[in-house]
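Letter by letter, the chains look like this.
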Amino acid sequence: MKADALVIGGGILGCAAAWHLARRGVQVVVIERESAAGHGSTARSTAIVRQRYTHPAAMALALEGLRTWERWGDLVPADENGRRAALVKAGVLFLLPRGEASTETLARAMRSVGIAVERLDRDSLARSFPALAFDEREPVEGLFEPEGGYVDDPTRATEDVARAAVAAGATFRYETRLVSVLTEWENGSLAVRGVRTHLGETIESPVVVNCAGPHSGWVNLLAHSPLRLTTAPLKQVVLSGHSPGLRSLPGRLPVIADLIHGFYLRPDPERTRIGAVWQRDETEFIADPDLADDHPVDPAILTSRLAAARRRLPGLEVLVASPLVGVYDVTVQDWYPIVDRTATRGYFVAVGTSGAWFKAGPMIGQLAAEMVTASLAGRDTDREPLEVTLPLTGYRFPMTLFSRVRAPIELSYGGGVLG
Ligand SMILES: Cc1cc2nc3c(=O)[nH]c(=O)nc-3n(C[C@H](O)[C@H](O)[C@H](O)COP(=O)(O)OP(=O)(O)OC[C@H]3O[C@@H](n4cnc5c(N)ncnc54)[C@H](O)[C@@H]3O)c2cc1C
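Quick look at the structure, then. What you see is a predicted model, and the numbers here were worked out from it, not measured in a lab.

Structural notes on the site of the ligand
Alright, step 1. Within the structure, the ligand sits among 35 residues, and Glu32, Ser41, Thr42, Thr353 and Lys359 are positioned closest to it.
Alright, step 2. Interatomic distance of 3.1 Å between a backbone N/O atom of Ala47 and an oxygen atom of the ligand.
Alright, step 3. Contacts to the ligand include Leu178, whose backbone N or O atom sits 2.9 Å from a nitrogen atom.
Alright, step 4. Out of a free accessible area of 1000 Å², the ligand has 98% covered by protein chains.
Alright, step 5. Looking at the shell around the ligand, the elements with two or more residues in it are α1 (12-23) and β18 (319-331).
Alright, step 6. Per-element accounting of the shell around the ligand gives the leading share, three residues, to β18.
Alright, step 7. Of the residues belonging to the shell around the ligand, the class tally is 14 nonpolar, 15 polar and six charged.
Alright, step 8. When residues of the shell around the ligand are assigned to domains, at least three fall in each of domain 1 (5-65 + 154-231 + 334-402) and domain 2 (89-149 + 233-328).

This is how it looks when you write it as structure tokens:
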């Protein structure tokens, strides 16, 4: 089999990269080891759509993601039952220690790229969100994104993108596992030639795009392309269950990211999620993403998640609460994605989404397609970096932010991770 471009992985990034390559007339093949699109780490995503990031360009990309989900019905075809994923605009409320200088700095930066954000003091919080409990003298303040929310659900959204990619001419090969990346020396430099699958088949292609999620670091080694910034799998446990009682709580209940009590809540009565908002230095990488589910989860993790959420939301009852294990694909040095060419000609990466970029996955796939197209047209994107105009917001996104050779990005306001 031959292709103009081969994408490894049918998660949200791989499907979106394939879609945008196919739209440009590239004969693209996606190989995915699962039996359908969106069954890798994307399937476990909480899919929260927030815009509070530390870097203005990342805020702008998150906003582009929000605008994309708002228009989802116009962008992708529905399935045979007329269904697609949808954005639930619950709003996203960050609860923060009062008076930190970074809150105003971030709010200003968010507004400067067009994000709707409100700062709320303790009294306004209590008035606006009557279901939440605030101690009378708690030094708390809120940063509220009224337009944010979560996508219901990420697997369906990925299937939507795969359907759009197929309609644009892409081919998907499911239950097909990559076992090696073929490379060859050519005029003193390494060039990619294609891949070999577990079926013993060779797929020849002058372009290979690594969208393998938590397996991305391993795939880079197969491609003889270890990067200076490295990606590695990181296990995450969230509490999953349902909470019909959320429907009868007073007032509006947004997605909550409580940086004081250290939890986040997706307030979906059918698919409630409670995760931890934690710092980068509390992380534990794992050797093999396929073994993440192997060890039983310590029940104390679930108890403490629930206890943290109940301190803020005393009425919360989660039925059939069980642990859900997911794996992040983390850029170890700075937790920002890498979307770039590599030193191996024809070999590209769209990796390192670090547990935080489902929200802009469709756009990040498009950025990868832009990178591939520019390189194929002969542009040396290292010397002449790309700037991509994000289609819905018009923001000029500098691809240097996602460069494989960037200096690690400083997270000036701490590295707490929340979707
Ligand atoms: C628990 C959890 C919660 C999250 N919450 C949020 C959130 O609230 N908001 C947010 O924006 N983001 C969130 N994220 C992050 C977001 O879900 C990811 O950034 C995104 O889904 C990654 O997509 P991907 O396509 O890169 O990876 P994946 O979906 O993992 O896709 C990679 C694909 O490659 C395939 N693959 C791997 N190896 C091979 C091989 N050898 N051969 C063939 N196929 C292969 C896999 O099967 C997989 O389908 C969360 C992630 C997790 C795990």
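Don't stop here, the text continues.
Considerations on the sheet that holds strand β13 (residues 208-210)
Alright, step 1. Spatially, six strands are ordered β9-β2-β1-β13-β20-β19 in an open sheet, and the strand pairing comes out mixed. Each edge of the open sheet carries a strand with a single partner, namely β9 (171-173) and β19 (338-341). Taken over all neighbouring pairs, the strand axes of this sheet differ in orientation by 20° on average, direction set aside.
Alright, step 2. Where strand β2 (residues 28-31) lies against β9, three bridges are found, and the strand directions are parallel. Bridge pairing links Val29 to Thr171 in β9.

So, the pairing of strand β16 (residues 263-266)
Alright, step 1. The two faces of β16 match: Phe263 and Leu265 on one face and Tyr264 and Arg266 on the other face are all buried.
Alright, step 2. One ladder, built from three bridges, connects strand β15 (residues 255-258) with β16; its direction is antiparallel. If you follow Asp258 over to β16, its bridge partner there is Phe263.
Alright, step 3. Adjacent in sequence and paired antiparallel, β15 and β16 are bridged by four residues, among which Gly262 carries a positive phi angle near 75°.
Alright, step 4. The pairing of β16 with strand β17 (residues 272-276) spans four bridges and is antiparallel. Bridge pairing in β17 links Arg266 to Arg273.

Criteria and thresholds
Residues numbered from 1 in each chain as written. Predicted model: local features only at pLDDT ≥ 70, side-chain atom pairs only at ≥ 80, totals over all residues. Heavy atoms only, no water. Near = heavy atom within 4 Å. Polar contact = N/O pair within 3.5 Å; in protein donor to acceptor, adjacent residues only side chain to side chain. Areas by Shrake-Rupley, 256 points an atom, 1.4 Å probe, with all protein chains shown as cover. Helix = DSSP H or I, 4+ residues; strand = E, 2+ residues; numbered from the N terminus. Nonpolar A, V, L, I, M, F, W, Y, C, P; charged D, E, K, R; others polar. Domains from an automatic or database assignment. Pairing = 2+ DSSP bridges. Axes fitted to C-alpha atoms, helices over the stretch in contact; angles between N-to-C directions. Buried < 20%, exposed > 50% of the residue type's maximum accessible area, 1.4 Å probe, protein only.

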